[in-house]
Amino acid sequence: MGEKKHAFHSMCSYLGCFPPRVPRQALQALTRRGDLVLDPFCGSGTSLVEALLLERPCVGVDLNPLAVTLARAKTQPVEARDVLTRLRELASEYPGGADMESVPEAVHTFFHPRTLAQLVYVKEQLGDSPEDLFLRGALLGIMHGKFRKGGGTAYLSIDMPNTFSMSVGYVQKFVRKHGLKQPPVDVFHQLRERVVWLFRGGPIPESPRATILQGNATSLPVLLETARISQVDAVVTSPPYLGVLRYGAFNWLRLWFLGFEPIAVDRALDGTDSLDRYLSFMTSFLLSAGQVVKPSGAVALVIGDVVEYGNHLPLAERVWEEVSGVVPFDLVRIDQDNFDEKSKTTRIWGEEKKGRATPLDRVLILRRRAQRKVSSRLGSTGADSRKAKAG
Ligand SMILES: C[S@@+](CC[C@H](N)C(=O)[O-])C[C@H]1O[C@@H](n2cnc3c(N)ncnc32)[C@H](O)[C@@H]1O
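Residues numbered from 1 in each chain as written. Predicted model: local features only at pLDDT ≥ 70, side-chain atom pairs only at ≥ 80, totals over all residues. Heavy atoms only, no water.

## Overview of the overall build of the protein chain
Then step 1. A count of helical and extended segments in the protein chain gives 16 helices and eight strands.
Then step 2. For the protein chain, restricting intrachain contacts to residue pairs at least 6 apart in sequence, the fraction spanning at least 24 positions comes to 76%.
Then step 3. For the protein chain, the accessible area works out to roughly 17500 Å², and carbon and sulfur atoms hold 49% of it. (Helix = DSSP H or I, 4+ residues; strand = E, 2+ residues; numbered from the N terminus. Contact = heavy atoms within 4.5 Å. Areas by Shrake-Rupley, 256 points an atom, 1.4 Å probe, with all protein chains shown as cover.)

## Quick look at helix α7 (residues 130–142)
Then step 1. For α7, with 13 residues, the first-to-last C-alpha span of 19 Å sits near the 18 Å given by 1.5 Å per residue.
Then step 2. With respect to burial, α7 is a largely interior element, twelve of its 13 residues being buried.
Then step 3. Every buried residue of α7 is listed here: Glu-131, Asp-132, Leu-133, Phe-134, Leu-135, Arg-136, Gly-137, Ala-138, Leu-139, Leu-140, Gly-141 and Ile-142.
Then step 4. For α7, the secondary structure elements touched by its buried residues are α3 (65–75), α4 (80–92), α6 (113–125), α9 (187–198) and α11 (252–258). (Expected span 1.5 Å × (residues − 1). Buried < 20%, exposed > 50% of the residue type's maximum accessible area, 1.4 Å probe, protein only.)

## As for the state of the cysteines
Then step 1. Inspection of the entire model under this criterion finds zero disulfides.
Then step 2. For Cys-12, which is in no disulfide, the shortest distance to another cysteine sulfur is to Cys-17 and amounts to 9.7 Å.
Then step 3. What makes Cys-12 buried here is its relative accessible area of 6%.
Then step 4. The class for Cys-17 is partly exposed, based on a relative accessible area of 25%. (Disulfide = S-S within 2.5 Å.)

## A few points about the nonpolar core
Then step 1. Residues Phe-111, Leu-119, Phe-134, Leu-139 and Trp-256 are the most contacted members of the largest nonpolar core, which totals 86 residues.
Then step 2. The next biggest cluster of nonpolar side chains, apart from the first, holds 39 residues, and it includes Leu-220, Leu-242, Leu-279 and Trp-320. (Core = buried A, V, L, I, M, F, W, Y, C linked by side-chain atoms within 4.5 Å.)

## Brief notes about the packing of α3 against α7
Then step 1. In contact at an axis separation of 8 Å, α3 and α7 are set at 120° when each is read in the N-to-C sense. One finds that α3 runs oblique with respect to α7. Taken as a pair, α3 and α7 cross one another with a handedness that is left-handed. Residues Leu-66, Thr-69, Leu-70, Arg-72 and Ala-73 of α3 form the contact with α7, whose own contacting residues are Leu-133, Phe-134, Arg-136, Gly-137 and Leu-140. (Axes fitted to C-alpha atoms, helices over the stretch in contact; angles between N-to-C directions. Parallel < 35°, antiparallel > 145°, perpendicular 65-115°, else oblique. Left-handed = near helix turned anticlockwise from the far one by under 90°.)

## Observations concerning helix α13 (residues 275–290)
Then step 1. With 16 residues, α13 ought to run about 22 Å at 1.5 Å a step, and its terminal C-alpha atoms sit 22 Å apart, in line with that.
Then step 2. With 13 of 16 residues buried, α13 is to be regarded as a mostly interior element.

## So, the packing of aromatic side chains
Then step 1. The full count for this structure, using the stated rule, is 13 aromatic pairs.
Then step 2. Centre to centre, the rings of Tyr-121 and Phe-188 are 6.3 Å apart; their planes meet at 70°, and the pair counts as edge-to-face. Here Phe-188 lies in helix α9 and Tyr-121 lies in helix α6, a separation of 67 residues in the sequence. Taken as a pair, Tyr-121 and Phe-188 share a single burial class, namely buried.
Then step 3. Ring geometry for Tyr-170 versus Phe-174: centroids 5.9 Å apart, planes at 25°, classification stacked. In this pair, Tyr-170 and Phe-174 both sit in helix α8 (residues 168–178), four residues apart, roughly one turn of the helix. (Phe/Tyr/Trp six-rings, centres within 6.5 Å; stacked < 30°, edge-to-face > 60°.)

## A short note on the site of the ligand
Then step 1. If you check the shell around the ligand, you find 23 residues, and the closest are Tyr-14, Ser-44, Thr-46, Asp-62 and Asn-216.
Then step 2. Between Tyr-14 and the ligand, the recorded distance is 2.6 Å, taken from a side-chain N or O atom to an oxygen atom.
Then step 3. In the model, an oxygen atom of the ligand is placed 2.6 Å from a nitrogen or oxygen of the Thr-46 side chain.
Then step 4. Relative to its free-state accessible area of 600 Å², the ligand is covered by the protein chains to the extent of 98%.
Then step 5. Looking at the shell around the ligand residue by residue, the class counts come to 14 nonpolar, eight polar and one charged. (Near = heavy atom within 4 Å. Polar contact = N/O pair within 3.5 Å; in protein donor to acceptor, adjacent residues only side chain to side chain. Nonpolar A, V, L, I, M, F, W, Y, C, P; charged D, E, K, R; others polar.)

## Re the confidence of the model for the protein chain
Then step 1. Across the protein chain, the average pLDDT comes to 88, with 87% of residues at or above 70.
Then step 2. Note on residues 338–354: pLDDT under 50 across the span, and 33 contacts to partners over four residues away in sequence or across chains.
Then step 3. pLDDT under 50 marks residues 376–391. Its contacts with residues more than four places away, or in other chains, come to 31 contacts. (pLDDT = per-residue confidence, 0-100.)

## Focus: the pattern of salt bridges
Then step 1. Under the criterion given, the structure shown has 13 salt bridges.
Then step 2. Across the salt bridge formed by Asp-305 and Arg-362, the nearest N and O atoms sit 2.7 Å from each other. One end of the pair, Asp-305, is in strand β5 (residues 293–308); the other, Arg-362, is in strand β8 (residues 357–368), with 57 residues separating them in the sequence.
Then step 3. On the basis of relative accessibility, which here comes to 1%, the residue Asp-305 falls in the buried class.
Then step 4. In this structure Arg-362 comes out as buried when scored by relative accessible area, which is 9%. (Salt bridge = Lys/Arg side-chain N within 4 Å of Asp/Glu carboxyl O.)

## Focus on the packing of α4 against α7
Then step 1. The contact between α4 and α7 brings their axes to 9 Å, and the two run at 80°. Between α4 and α7, the interaxial angle falls into the category roughly perpendicular. For the pair formed by α4 and α7, the contact residues are Asp-82, Val-83, Arg-86, Leu-87 and Leu-90 on the first element and Glu-131, Asp-132, Phe-134 and Leu-135 on the second.
Then step 2. A class-by-class count of the residues in the contact of α4 with α7 yields five nonpolar, no polar and four charged.

## Some details on the side chain of Arg-56
Then step 1. In this fold, Arg-56 is placed in the loop between α2 (46–53) and β2 (58–62).
Then step 2. The charged side chain of Arg-56 is buried without a salt bridge, its nearest counter-charge being Asp-35 at 6.0 Å.
Then step 3. Among the polar contacts listed, one links the side chain of Arg-56 to the backbone oxygen of Thr-31, at a separation of 2.8 Å.
Then step 4. Of the polar contacts made by the side chain of Arg-56, one reaches the backbone oxygen of Leu-54; its length is 2.6 Å.
Then step 5. With residues up to four places along the chain from it excluded, the contact list for Arg-56 reads Leu-27, Gln-28, Thr-31, Arg-32, Arg-33, Gly-34, Asp-35, Val-37, Ala-51 and Pro-208. (Lys, Arg positive; Asp, Glu negative; His and termini not counted.)

Given below as structure tokens:
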């Protein structure tokens, strides 16, 4: 594949996704072919795609159903030919309309009535076959976005400045202000174009395989057990940011398509909005990871620097300071990665809304202690461990 990124990485925008070269470098440095790699905050599956391309089987975990859908869509082996055949089948069986009764008013703002009817039909028809998983992921990627400069669109919606769902009020104002019209695009045609575009570099190799689980990264042993996995060789991941990233609210349209409530998604993901809560969360997560990473296995955590009360805070260092001696890992090193601003998805908010994120990311590299040192704090909750440490 060389250094060119695989087209599947561009299937759908995802908040806080990292550039593929970051997990790739970590995987190359810390793992070998055949090693089982875990990303416990897999998001849209960037590290998982890279793991498969580097011939590492992998497990992805995320609490967000949108993340799980995208990670599955990108990593289940499928052939372009079979996906296109399934799409032709859907198009040929389309009855020419759909039951629109349960479609929320807000959704109508985005789409031409004919497009929306097709979208509702496809929503109801897609199942769990690898072809359908791929089509669902590809469709999420074209639900809304910007028109081409010369006219025309690769998307299904009105001309939107970015590919995240802004609030309904904002969209309605935007539509009025710019006199926007919903384009009468054909879902089957747009989706076909997208599928062909996504497969331009070929499919993901059929082997090794990825397993994607929906669940909490603070309960890894129980979660992995459901897939009959007891240990992994390494962890490569970017944990949630310190601060509130509203994965649900910013994706309410995609979540409608998947049948989930954005508020419920945000509520489930809540918990990292203050430094104190974030550090407790990271302690619980690393205690949980300590139970599934093999002795001497490596953990690479991509953690961005933040601004806290006006001061630049190297968060990766702060996390290590907090967890050192509490979790069963030793510090290998902390690398720096000065990401290009353009490659970070937090750029979409602009200065005032990107919160505490900065362009500087660091990679905290840990190694699982070979001998489990018995600590009275090990096994307690993150918050308890932190209190014990402070005392
Ligand atoms: C920074 S994003 C990871 C993005 C990913 N690296 C990518 O390239 O798409 C962090 C992810 O953590 C997930 N998350 C937040 N809290 C979680 C938890 N307690 N357990 C599992 N996943 C969680 C969020 O849904 C989000 O997808």
